[in-house]
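Below are the chains, spelled out letter by letter.
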Amino acid sequence: MQEFFPVEAGMLEEDRRVMEAIAPRLAAIDAVRDHNQWKMLHAFTQCGVAAHHLSGTTGYGYDDAGRERLEEVFSLLIGSEDALYRHHFMSGTHTLAVALFGVLRPGDTLLSATGRPYDTLHGVLGLKGNKGQGSLAEFGVRYRELAMTEEGLDLPAIAEAAPACRMLYLQRSRGYAARRALSLEDIAAAAQTAKAANPNIIVMVDNCYGEFTQTKEPTQCGADLMAGSLIKNPGGGIAPTGGYIAGKAPLVEQCAHRLTAPGVGAEIGCTGDMLRQMYLGLYFAPAVTAEALKTSVYASALFGRLGFAASPAPQEDRNDIITTITLGSAARLCALCEAVQQMSPVDSFATPEPAPMPGYDSEVIMAAGAFTQGSSIELSCDAPMRPPYMAYLQGGLNFAASRAAVLLAAQNIRKLPEGAI
Ligand SMILES: *Cc1c(COP(=O)(O)O)cnc(C)c1O
């Protein structure tokens, strides 16, 4: 590493110790990766993916065999009845919005049991007082939320609220909250509790950042519907855009009518020259997610050694690819983001600066020198500029590269002059 980057001897020693300490965790991540890769290959072969499926259609995209086959592969992979797996989704927020508007109707109540959802969903729900934009609130969909407790999900409160609610909404990843990601056991317990109290309730999971971190997905653990972004885990760093919605067939169908138009549904949507990248990205997703998880374990261990609170702890099991590092000052946060940017394969010369972001409530600083704009399966770091200056570090297409980036980021922070902190 020293041959290419200005790593100091002391930091190389830290790196050596961290790598030694986390070796068993890295091996455990490899085991999950291998399982998921075999599952992936099995799904491709079972579905008979053929060379002609990799080239797409134009115009309406009727009878797009490649699109349909890809959605079958994804459904088989995650144990769902049906799926929309398409580049037509513009972001994770768009995908989640299509799912929510797809299945909720005026008078329904959405119950979020993981506290306030991810910042960009606030506008979708109508929680920002955003009028005239056609939020769920404007369409008469009611919203309730349950805060998570110290122990996690508040199951008694879910049981009490469920009978009056149409949807139980769970955000698997921590998002911009200082909590743990939900485990599959957490999701199963919440789903079971809600359904015991109301058999008709729809359990929906925001699965962004969760895919392939475990050997199962929420649709195999009680979720009726889940959604995620293809510029995160399932796109493998290769899908240039897109999202997915998967779950029970009638629900996915409702979402399809929302994505296109009521009465049209999933039959249209041309794929142009996207399919090869979509297939290839999905195929690589278990391995790429594993690289990101290794980066998370490494960052947590290294920053922990240097005295910063990092979560999850290195030895903890992971259900998303995010690591939070509490840096306690704006200067340290900027130093971390600058190093991540400098160590990016694209735009390494840029300097990230805090700025307002559409959908986010405070200024945000983001470091991302990515092949795909805004992709956070690639090593990226972002943070709302507010105390306690908690950095959200995620992604890493390649652990060797990310490890060097994280090491140099730690070195940058260590070298900040006392007065600058
Ligand atoms: C990224 C993310 C979203 C929103 O996705 P965008 O692509 O940023 O619109 C929603 N929920 C969670 C948990 C996320 O990580």
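**Student:** Which parts of the structure should I look at to understand helix α9 (residues 330-342)?
**Tutor:** One turn of an α-helix holds 3.6 residues; hence residues three or four places apart share an orientation. Here α9 is 13 residues long and its end C-alpha atoms lie 18 Å apart, about the 18 Å a rise of 1.5 Å per residue gives. Structurally, α9 contributes buried residues whose contacts are with α8 (275-305), β10 (364-367), β11 (380-384), β12 (390-394) and α10 (399-414).

**Student:** Where do I start with the pairing of strand β9 (residues 322-326) in this structure?
**Tutor:** Each regular strand shows side chains that alternate between the opposite faces of the sheet. Of all 5 residues in β9, 4 are buried, a share of seventy percent or more. In this structure, strand β8 (residues 309-311) lies alongside β9, joined through 3 bridges in antiparallel fashion. Residue pairing in the sheet places Ser 311 in a bridge with Thr 324 of β9. Judged from the 5 bridges that link them, β9 and β12 form a sheet pairing that is antiparallel. Counterpart to Thr 323 in the pairing with β12 is Leu 393.

**Student:** Looking at this model, I keep getting lost on the sheet that holds strand β7 (residues 243-247). Mind explaining?
**Tutor:** The strands that make up a sheet are held in pairs by hydrogen bonds between backbone atoms, and each pair lies either parallel or antiparallel. In spatial order, the strands read β1-β7-β6-β5-β4-β2-β3; together these 7 strands make up an open sheet with mixed pairing. Two strands bound the open sheet, and with one partner strand each, they are β1 (82-86) and β3 (142-145). Direction aside, the axes of adjacent strands within the sheet are offset by 15 degrees on average. Sheet topology places strand β5 (residues 202-206) next to strand β6 (residues 225-229); 3 bridges connect them, and they run parallel. Paired with Met 204 across the bridge in β6 is Leu 225. Sitting on the sheet, helix α2 (residues 65-78) touches β1, β6 and β7, and the angle it makes with β1 is about 125 degrees. The strands touched by helix α6 (residues 184-197) are β4 (167-171) and β5; relative to β4, the strand with the most contacts, the crossing angle is about 170 degrees.

**Student:** For this particular structure, what's the right way to read the site of the ligand?
**Tutor:** Residues in contact with the ligand, as listed here, are Ser 91, Gly 92, Thr 93, Leu 96, Tyr 118, Thr 120, Gln 171, Asp 206, Cys 208, Tyr 209 and Lys 232. In the environment of the ligand, an oxygen atom lies 2.5 Å from a nitrogen or oxygen atom belonging to the side chain of Thr 93. Contact with the protein chains hides 91% of the accessible area of the ligand, taken as 380 Å² for the molecule alone. When residues in the shell around the ligand are grouped by element, the largest group, 3 residues, is from helix α3 (residues 92-103). In the shell around the ligand, the residues fall into 4 nonpolar, 5 polar and 2 charged.

**Student:** Got a minute to help me understand the packing of α2 against α8 in this structure?
**Tutor:** Two elements in contact, α2 and α8, have axes separated by 10 Å at closest approach and are oriented at 15 degrees. By the angle class used here, α2 and α8 are roughly parallel. Viewed along their axes, α2 and α8 form a crossing whose handedness is left-handed. In this structure, α2 contributes Gly 66, Arg 67, Arg 69, Leu 70, Val 73, Phe 74 and Leu 77 to the contact, and α8 contributes Leu 275, Met 278, Tyr 279 and Leu 282. For the contact of α2 with α8, the class distribution of residues is 8 nonpolar, 1 polar and 2 charged.

**Student:** Honestly, the nonpolar core in this entry has me stumped. Any pointers?
**Tutor:** The nonpolar side chains of a soluble globular protein tend to be buried with one another. Among the nonpolar cores identified, the biggest contains 84 residues, and Leu 100, Met 167, Met 204, Leu 225, Ile 245, Phe 303 and Leu 327 are the most heavily contacted of them. Here the element with the most residues in this core is α8; it accounts for 10 residues. Those residues in contact with Phe 303 that sit more than four places away from it in its chain are Phe 308, Ile 325, Leu 327, Leu 336, Val 406, Ala 409, Ala 410 and Ile 413. The next biggest cluster of nonpolar side chains, apart from the first, holds 45 residues, and it includes Cys 47, Ala 83, Met 226 and Ala 246.

Rules of the game
Residue numbers run consecutively from 1 along every chain, following the written order of its sequence. In keeping with the predicted nature of the model, local features appear solely for residues at pLDDT of at least 70, side-chain atom pairs appear and are counted solely at 80 or more, and the whole-chain, interface and lining totals rest on all residues. Think of the side-chain values as coming from all heavy atoms in the structure, minus any hydrogens and water. Numbering of helices and strands starts at the N terminus; helices are DSSP runs of H or I of at least 4 residues and strands are runs of E of at least 2. Take the number of residues in a helix, subtract one, and multiply by 1.5 Å to get its expected span. In this analysis, two residues are considered to be in contact whenever any of their non-hydrogen atoms come within 4.5 Å of each other. For every residue, the accessible area (1.4 Å probe, protein chains only) is compared with the maximum for its type, and the residue is labelled buried under 20%, exposed over 50%, or partly exposed between those bounds. Strand pairing is assigned whenever DSSP identifies at least 2 bridges connecting the two strands. Axes here mean lines fitted to C-alpha atoms, for a helix over just the part in contact, with angles spanning 0 to 180 degrees between N-to-C directions. One heavy atom suffices: a residue is near a molecule or strand as soon as one of its heavy atoms comes within 4 Å of it. Any pair of N or O atoms that falls within 3.5 Å is considered a polar contact. Within protein, one atom must be able to donate a hydrogen and the other to accept it, and sequence-neighbouring residues count only if both atoms are side-chain atoms. Accessible surface area values rest on a Shrake-Rupley calculation with a 1.4 Å probe, where residue burial reflects the displayed protein chains alone. When residues are sorted by character, Ala, Val, Leu, Ile, Met, Phe, Trp, Tyr, Cys and Pro go into the nonpolar class, Asp, Glu, Lys and Arg into the charged class, and all the rest, Gly among them, into the polar class. Working definition: roughly parallel below 35 degrees, roughly antiparallel above 145 degrees, roughly perpendicular at 65 to 115 degrees, and oblique for all remaining angles. If you view the pair so one helix is near and one far, a crossing is left-handed when the near helix is turned anticlockwise from the far one by less than a right angle, and right-handed when it is turned clockwise. The definition of a nonpolar core used throughout is a set of buried Ala, Val, Leu, Ile, Met, Phe, Trp, Tyr and Cys residues joined through side-chain atoms within 4.5 Å.

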